[in-house]
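Observations on the model geometry
So the chains spell out like this:
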Amino acid sequence: MKKQVRFSLEKGDLLPTLLMLPALFMIVFVMIVPLIYGLSLSFFEVGFGETNFKENFVGASNYLRFFQDTTAKKAVFNTLLFSLGATAGDLFFGTLGAALLLKVSERLGKVLRPIVTVPLLVSPIIVGLIWRYIYDVKGILYWFLGLFGLGINDFPGVTGASTALLCTIIAHWWQVVPFVIIVMTAGLLSIPEEYYEAAYVDGAGEFRSFVEISFPLLRDVYMVVLLISGVDTLKVFDIIYSLTGGGPNNSTVSMSIYAYSQAFEQSNLSYAMALSFIAMVVTFLVFGIPFIRHNLKKYKE
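The name recorded for the protein chain in an unreviewed UniProt entry is ABC transporter, permease protein, from [Clostridium] asparagiforme DSM 15981. Per its UniProt entry, the protein chain bears the Subcellular location (unreviewed entry) comment "Cell membrane". Under Sequence similarities (unreviewed entry), UniProt gives the following word-for-word description of the protein chain: "Belongs to the binding-protein-dependent transport system permease family."

With that settled, the discussion passes to the UniProt feature "domain: ABC transmembrane type-1" (unreviewed entry) in the protein chain. The sites that carry the UniProt feature "domain: ABC transmembrane type-1" (unreviewed entry) are, in the present numbering, residues 76–290. Secondary structure across residues 76–290 divides into 74% helix and 0% strand, with the first and last C-alpha atoms of the span separated by 19 Å.

Evaluation of the coordinates by the stated rule reveals 2 salt bridges. Here Glu212 ties to Arg208 by a salt bridge, and the two come within 3.1 Å at their closest N and O atoms. A residue pair is termed a helical-turn pair when its members lie 3 or 4 positions apart in one helix, as Glu212 and Arg208 do in helix α9 (residues 206–217) at 4 residues. Its relative accessible area of 47% is what places Arg208 among the partly exposed residues. Residue Lys235 pairs with Asp232 through a salt bridge whose shortest N-O separation is 3.6 Å.

All right, on to the side chain of Ser242 then. Among the structural elements, Ser242 can be located in helix α11 (residues 238–243). Classification of Ser242 as buried rests on a relative accessible area of 7%. There is a polar contact of 3.2 Å between the side chain of Ser242 and the backbone oxygen of Ile239. Excluding residues within four positions of it along the chain, Ser242 makes contact with Pro124, Ile125, Gly128, Leu129 and Arg132.

Rules behind the numbers
Residues numbered from 1 in each chain as written. Predicted model: local features only at pLDDT ≥ 70, side-chain atom pairs only at ≥ 80, totals over all residues. Heavy atoms only, no water. UniProt positions renumbered as here; feature names shortened; annotations may be inferred. Helix = DSSP H or I, 4+ residues; strand = E, 2+ residues; numbered from the N terminus. Salt bridge = Lys/Arg side-chain N within 4 Å of Asp/Glu carboxyl O. Buried < 20%, exposed > 50% of the residue type's maximum accessible area, 1.4 Å probe, protein only. Polar contact = N/O pair within 3.5 Å; in protein donor to acceptor, adjacent residues only side chain to side chain. Contact = heavy atoms within 4.5 Å.

Here it is in structure tokens:
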């Protein structure tokens, strides 16, 4: 005889499901439905306000167009280069900053830690505008370089195609490194002090102790920071848009900026949707798969 399964509020079986329904509906209507709708738009040739989709079906033409679009491929290259430089700097300077803050006196640390977190409170658009004035010819950067006899010809800044992307990466570091410092500080404090004491007794220095103790124990923390920072840099829009607008000569144009330009400036909504989904696939390939493999490897261990 088959056992009947009944759900009831009294037994607490149905209550968790009912409590999750509002969040589930929110996810479906805010994320899943727009995602499916955007994917369907990428197979048509429509702009804003157009509703007749039947006559505008183009299949995979928008995706094939991407491989013939020089600017789109330039945007992918710029985005990957920005992500590589920004993420590497986040991890390096974040780890270095966390280690230095733990070495200062407790009183000085209490003063420095709140100051370090200030850039986190600033909107990325405002960060771009701040650094836009810093990189201005009459700004503080060129005043400082002038003390050493250097000028805009030596470092073109945001006006030069060879240095503009580096300038946007530096602006990103200024805002995001404090977040990494906070996370790394928490990770370093979680490591028992006895490990370092034993290493010092064996004659290990600061660098060797970090390589053989801190780094292996912080591996999971690095993976989380890498995922968060990596995904954030691959979808970068605001800092670059407010700092350079994608110029000069498309040297800083990202996938998000190019998709925005196609949608809102060229009124090519379908191609913009295709670019957005290509960006999503690139993000998954670069950071999603390594993170999944790391979790599966950890699960097997």
